[in-house]
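Here is what each chain is made of, one letter per residue.
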Amino acid sequence: MILLKNPFKKEKDIHDRVLMSKNGDLCERNGLIQDYKPFIINVVSKETGRFVSDGDSDELSVGLIAFNEAIDRFDIERSRSFLSFAERVIKNRLIDFYRKEKKNFDTIPISYLNEIYEGEDIEERLFVDSSQWENQDVSEEMEDFIKKLHGFGISIEDLVESSPKHLDSRKNSARIASQIVKDEILMKKIMDSRKIPVAEIERNLHISRKVLHKNKKFILAVCLILLSNNEIIKGYVYNLLKEVE
């Protein structure tokens, strides 16, 4: 994505313009918002993962309102750069927007999920390697993966929240999932019942019931990945499995 640069004003005088706007100069406020619309478009585009154009995006409207809010809230003694402060406000308002409007996680950017989990990368928390995450193919694979999860009544938020926090636990869970997918009878029961048959897996594969209960959503997710055609996401799982071997 080509990042837009503001061709109108320099940082050196923006604080004066903000102060004038805060003090009631409506003409200056409107001019400031108009001049920095390329900046707002850039921030919103980065957060949504797609270019948004003027006048055809709910997210851009959120960004414009947030920029206006940033003018009112900016305090130069606490935040030395207005544009950095405005960017944070825009991002926070976009997060609020998605929280209110979300009906289908397929449409929610990964950046939203990263923000609500305190800056942790979702792909890093679930798997290991995030080097290719910006690739468009990965985004498409994630959409397919999320749809499959929905079929089992699991949202991506549920998965992230319940996934093992430690790498060793993720490795072990991936190993368990790889054992499960090799058992056609077990996998048929999983696909038919839409849940993990804990007692049967414990009995057949000699795996602790406690481990299965604690990590069953992650184990199920890895099973779905291993059975899918999503080769890039599979690569994350294979990385985990390589470290187990």
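Placed above this text is the structure.
Residues numbered from 1 in each chain as written. Predicted model: local features only at pLDDT ≥ 70, side-chain atom pairs only at ≥ 80, totals over all residues. Heavy atoms only, no water.

**Things to note about the overall build of the protein**
Alright, step 1. In terms of regular secondary structure, the protein is built from 14 helices and 0 strands.
Alright, step 2. Helices (α) and strands (β) of the protein occur, in sequence order from the N terminus, as α-α-α-α-α-α-α-α-α-α-α-α-α-α.
Alright, step 3. Within the structure as shown, the protein displays about 13,600 Å² of accessible surface, and the carbon and sulfur contribution to it stands at 48%. (Helix = DSSP H or I, 4+ residues; strand = E, 2+ residues; numbered from the N terminus. Areas by Shrake-Rupley, 256 points an atom, 1.4 Å probe, with all protein chains shown as cover.)

**Examining the nonpolar core**
Alright, step 1. F145, L149, I156, L159, I180, I201 and I219 are the most contacted members of the largest nonpolar core, which totals 38 residues.
Alright, step 2. The set of elements that each furnish at least two residues to this core consists of α8 (136–151), α9 (156–162), α10 (167–181), α11 (184–193), α12 (198–205), α13 (209–226) and α14 (231–244).
Alright, step 3. I14, I33, F74 and A86 belong to the second-largest nonpolar core, a separate cluster that totals 27 residues. (Core = buried A, V, L, I, M, F, W, Y, C linked by side-chain atoms within 4.5 Å. Buried < 20%, exposed > 50% of the residue type's maximum accessible area, 1.4 Å probe, protein only.)

**What about the packing of aromatic side chains?**
One pair of aromatic rings is described through two measures. These are the centre distance and the angle between the planes.
Alright, step 1. Following the criterion strictly, the structure yields 5 aromatic pairs and no others.
Alright, step 2. Through a chain of ring-to-ring contacts, the aromatic side chains of Y36, F39, F67, F74, F82 and F85 assemble into a single cluster.
Alright, step 3. Over the ring of F152 we find R194; its NZ or CZ atom is 4.6 Å from the centre of that ring. (Phe/Tyr/Trp six-rings, centres within 6.5 Å; stacked < 30°, edge-to-face > 60°. Lys NZ or Arg CZ within 6 Å of the ring centre and 35° of its normal.)

**Examining the pattern of salt bridges**
Alright, step 1. Across all of its chains, the model carries 12 salt bridges by this definition.
Alright, step 2. Of the charged contacts, one joins R29 and D72 as a salt bridge, the two residues approaching to 2.6 Å between their closest N and O atoms. A residue pair is termed long-range when its members are at least 10 positions apart, and R29 in helix α2 (residues 26–35) and D72 in helix α4 (residues 58–73) qualify at 43 residues.
Alright, step 3. Given a relative accessible area of 11%, R29 falls into the buried group.
Alright, step 4. What makes D72 partly exposed here is its relative accessible area of 42%. (Salt bridge = Lys/Arg side-chain N within 4 Å of Asp/Glu carboxyl O.)

**A few points about the environment of E140**
Alright, step 1. Along the chain, E140 falls in helix α8.
Alright, step 2. Note on E140: relative accessible area 46%, which makes it partly exposed.
Alright, step 3. Put simply, E140 and N230 are 90 residues apart on the chain and 9.0 Å apart in space, counted from C-alpha to C-alpha.

**Remarks on the packing of α2 against α4**
Alright, step 1. Two elements in contact, α2 and α4, have axes whose closest approach is 11 Å; the angle formed by their N-to-C orientations is 130°. Comparing their axes, α4 and α2 come out oblique. Of the two possible hands of crossing, α2 and α4 adopt the one that is right-handed. Where α2 abuts α4, its residues R29, L32 and I33 lie against L64, F67, N68, I71 and D72. (Axes fitted to C-alpha atoms, helices over the stretch in contact; angles between N-to-C directions. Parallel < 35°, antiparallel > 145°, perpendicular 65-115°, else oblique. Left-handed = near helix turned anticlockwise from the far one by under 90°. Contact = heavy atoms within 4.5 Å.)

**Overview of α13**
Alright, step 1. Taking 1.5 Å of rise per residue, the 18 residues of α13 would be expected to cover 26 Å, yet its terminal C-alpha atoms sit only 22 Å apart, more than 12% below that figure.
Alright, step 2. Of all the bends in α13, the greatest, near 75°, is centred on N215.
Alright, step 3. Inspection of α13 places L212, N215, F218, I219, L220, A221, V222, C223, L224, I225 and L226 among the buried residues, and these make up the whole buried set.
Alright, step 4. Capping the start of α13, S208 holds a side-chain oxygen 3.2 Å from the backbone nitrogen of K210, two or three residues further along. (Expected span 1.5 Å × (residues − 1). Bend = angle between axes of the 7 residues up to and from the residue. Polar contact = N/O pair within 3.5 Å; in protein donor to acceptor, adjacent residues only side chain to side chain.)

**Some words on the environment of I90**
Alright, step 1. Along the chain, I90 turns up in helix α5 (residues 82–101).
Alright, step 2. With 21 residues separating them along the chain, I90 and E69 place their C-alpha atoms 9.0 Å apart.
Alright, step 3. With residues up to four places along the chain from it excluded, the contact list for I90 reads F39, I40, V43, V44, G63, A66 and F67.

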